[in-house]
Amino acid sequence: MGQWFNLLVCALIVLKAQAGFNVSITYVENAVAKGAVCLDGSPPAYHFDKGFGAGINNWLVHIDGGAWCNNVEDCSKRRDSSYGSSKHMVKEANFTGILSNEQKFNPDFYDWNRVRVRYCDGASFTGDVEAVNPETNLHFRGARVFEAVMEDLLAKGMKNAQNGSAKHLPASCTSRLSPGLCFFPENVAGQIKTPLFIINSAYDSWQISNILVPEDADPKGAWSSCKVDIKTCSSTQLQTMQGFRVQFLNALAGLGNSSSRGMFVDSCYTHCRTDYQETWFSADSPVLDKTPIAKAVGDWYYDRSPFQKIDCPYPCNPLPESCF
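Fair warning: this is a prediction, and the values are worked out from it, not measured in the lab.

Engineer: I keep staring at the overall build of the protein and nothing clicks. Help me out?
Structural biologist: Tallying secondary structure elements over the protein gives 10 helices and 10 strands in all. Since a compact globule built from 324 residues should have a radius of gyration of about 20 Å, the 21 Å found for the protein is in line with a globular shape. Counting only C-alpha atoms and orienting by the principal axes, one finds that the protein spans roughly 55 × 50 × 50 Å. Within the protein, buried positions represent 43% of all 324 residues. Here the contacts in the protein between residues at least 6 apart in sequence split such that 69% fall between residues at least 24 apart. Carbon and sulfur atoms provide 55% of the accessible area of the protein, an area that totals close to 17,400 Å². Of the side chains in the protein, 29 bear a positive and 33 a negative charge, and the two mean positions are spaced by 3 Å.

Engineer: Mind showing me how you'd approach the state of the cysteines here?
Structural biologist: Here a disulfide denotes one covalent bond, and it connects the sulfur atoms of two cysteines. Evaluated as defined, the whole model comprises six disulfides. The disulfide bridge from Cys38 ends at Cys120, spanning 2.1 Å between sulfur atoms. Here the S-S torsion is close to -75 degrees, and the disulfide linking Cys38 with Cys120 is therefore left-handed. Separated by 82 residues along the polypeptide, Cys38 in the loop between strand 1 (21–27) and strand 2 (45–49) and Cys120 in the loop between strand 5 (113–117) and helix 3 (142–155) bring together distant segments of the chain. Across the pair, exposure class does not vary: Cys38 and Cys120 are buried alike. Put simply, Cys173 and Cys182 are joined by a disulfide, and their sulfur atoms are 2.1 Å apart. Between Cys173 and Cys182 the disulfide shows an S-S torsion of about -100 degrees. By sign, it is left-handed. Considered together, Cys173 and Cys182 belong to a single accessibility category, that of buried residues. With no disulfide of its own, Cys272 has Cys268 as its nearest cysteine by sulfur position, at a separation of 13 Å.

Engineer: Hey, could you run me through the side chain of His139 in this one?
Structural biologist: Mapped onto the fold, His139 is located in the loop between strand 5 and helix 3. Assessed through its relative accessible area of 12%, His139 is described here as buried. Within the local environment of His139, its side chain forms a polar contact with the backbone oxygen of Asn137, the two atoms lying 3.2 Å apart. Not counting residues up to four positions away in its chain, the partners in contact with His139 are Val37, Cys38, Leu39, Asp40, Gly41 and Val132.

Engineer: Looking at this structure, how should I read the sheet that holds strand 6 (residues 197–201)?
Structural biologist: One open sheet holds the three strands; their spatial order is 6-7-10, and the pairing between them is parallel. Single-partner strands in this sheet number two, and they are strand 6 and strand 10 (308–310). Averaged over all pairs of adjacent strands, the angle between strand axes in this sheet comes to 10 degrees, irrespective of strand direction. Strand direction decides the pairing type here: strand 7 (residues 262–266) and strand 10, joined by three bridges, are parallel. What sits directly across from Phe264, in strand 10, is Lys309.

Engineer: Would you mind going over the pattern of salt bridges with me for this structure?
Structural biologist: Opposite charge on two side chains makes pairing possible when the charged atoms of those side chains draw close. Taken as a whole, this structure holds 16 salt bridges when the rule is applied. Note that Asp299 and Arg304 form a salt bridge whose closest N and O atoms lie 2.7 Å from each other. According to the relative accessible area criterion, Asp299 is buried, its value standing at 9%. Given a relative accessible area of 45%, Arg304 falls into the partly exposed group. The network of salt bridges with common partners includes Asp108, Lys295, Asp299 and Arg304.

Engineer: How do you make sense of the environment of Lys231 when you look at a structure like this?
Structural biologist: Tracing the backbone shows Lys231 in the loop between helix 7 (224–228) and helix 8 (235–253). Here Lys231 falls in the partly exposed class, since its relative accessible area comes to 47%. Each C-alpha atom of the pair Lys231 and Phe264 lies 22 Å from the other, and the pair is 33 residues apart in sequence. Not counting chain neighbours up to four residues away, the residues in contact with Lys231 comprise Tyr314, Glu321 and Phe324.

Engineer: What is the right way to read helix 3 from this model?
Structural biologist: One turn of an α-helix holds 3.6 residues; hence residues three or four places apart share an orientation. Here helix 3 contains 14 residues, and its C-alpha end-to-end distance of 20 Å stays within 8% of the 20 Å for a straight helix at 1.5 Å per residue. Considered for burial, the residues of helix 3 that qualify are Gly142, Ala143, Arg144, Val145, Phe146, Ala148, Val149, Met150, Asp152 and Leu153. Those residues of helix 3 that are buried are in contact with strand 2, strand 3 (59–63) and strand 5. Of the residues trailing helix 3, Gly157 is marked for its positive phi of about 125 degrees.

Engineer: What's the story with the packing of aromatic side chains in this structure? I'm lost.
Structural biologist: What describes a pair of aromatic rings is the distance from one ring centre to the other and the angle between the planes of the rings. Counted by the stated rule, this structure contains 17 aromatic pairs. Taken together, a centroid distance of 6.5 Å and an interplanar angle of 70 degrees make the contact between Tyr314 and Phe324 edge-to-face. With a gap of 10 residues between them, Tyr314 in the segment after strand 10 and Phe324 in the segment after strand 10 connect regions that are remote in the sequence. According to the relative accessible area criterion, Phe324 is partly exposed, its value standing at 34%. Members of the aromatic cluster, connected to one another through ring pairs, are Phe109, Trp112, Phe197, Trp280, Trp300, Tyr301 and Tyr302.

Analysis parameters
- Residues numbered from 1 in each chain as written.
- Predicted model: local features only at pLDDT ≥ 70, side-chain atom pairs only at ≥ 80, totals over all residues.
- Heavy atoms only, no water.
- Helix = DSSP H or I, 4+ residues; strand = E, 2+ residues; numbered from the N terminus.
- Rg over C-alpha atoms; globule rule 2.2 N^0.38 Å.
- Buried < 20%, exposed > 50% of the residue type's maximum accessible area, 1.4 Å probe, protein only.
- Contact = heavy atoms within 4.5 Å.
- Areas by Shrake-Rupley, 256 points an atom, 1.4 Å probe, with all protein chains shown as cover.
- Lys, Arg positive; Asp, Glu negative; His and termini not counted.
- Charge placed at Lys NZ, Arg CZ, Asp CG, Glu CD.
- Disulfide = S-S within 2.5 Å.
- Polar contact = N/O pair within 3.5 Å; in protein donor to acceptor, adjacent residues only side chain to side chain.
- Pairing = 2+ DSSP bridges.
- Axes fitted to C-alpha atoms, helices over the stretch in contact; angles between N-to-C directions.
- Salt bridge = Lys/Arg side-chain N within 4 Å of Asp/Glu carboxyl O.
- Expected span 1.5 Å × (residues − 1).
- Phe/Tyr/Trp six-rings, centres within 6.5 Å; stacked < 30°, edge-to-face > 60°.

As structure tokens, then:
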């Protein structure tokens, strides 16, 4: 019994060591007067942990995702959640992974100014509609939100940034395609001149569950178990997912070759990586060429070595538990 107790204590210590730390929310109150508001009219928000030491003038800005709403009913539901209102956002956010301030968990970026920008407009920070329907009280002001948050961060020191950049949808895309298509990386990344590191799974669990096989396309729930756990997928379902992987890799190839671009594409069945400690940098992190994501990004960013790796198709090799 004593051995089990000691084991439990050790496990709790390890979990605490990897739990990160909480950062209070900052509301951009002066943005409201500019009409830069969330779907419900509340002020935009972000979490900010100040850099120190050699990283005092370096900035890392993590912009939250969260899909889109595409009609009044959908946006009304979102309005009453943290994805549409800062009133529903947590007052403190846990900073782990690439947002950690400890070198052992975030070797190359721990001392930078680290920001998490909250997403609350339902259209990837692009809306700018002046009119507000009084019946729904929906505000589509994402572009104003983005500008207001950036202005606030610039005033807090980001204007002195030696490393950091942010752009709206580029004209190089919108001049060729409708703006809606410029949300998709395959239509934008090829024109981005800033060095870019792409991190994604070839079997992104959110995309497979919501894009490849949404609920409406599977009324009998044949994919229900598979979407939760790839290990339960049938051979036919895996074949469909392999086709999805091929389309994704073809889109990557369409970006063209660039020596300045980094790439970490594994065969995990998960979604989001950099802000989770277990996938960013831990003993259980996914690796390519024996290299975890954090080291791959750090080596690429600091010109220690280039990194462009794509994993073989699932289930070609053993994967850590953090991949599922």
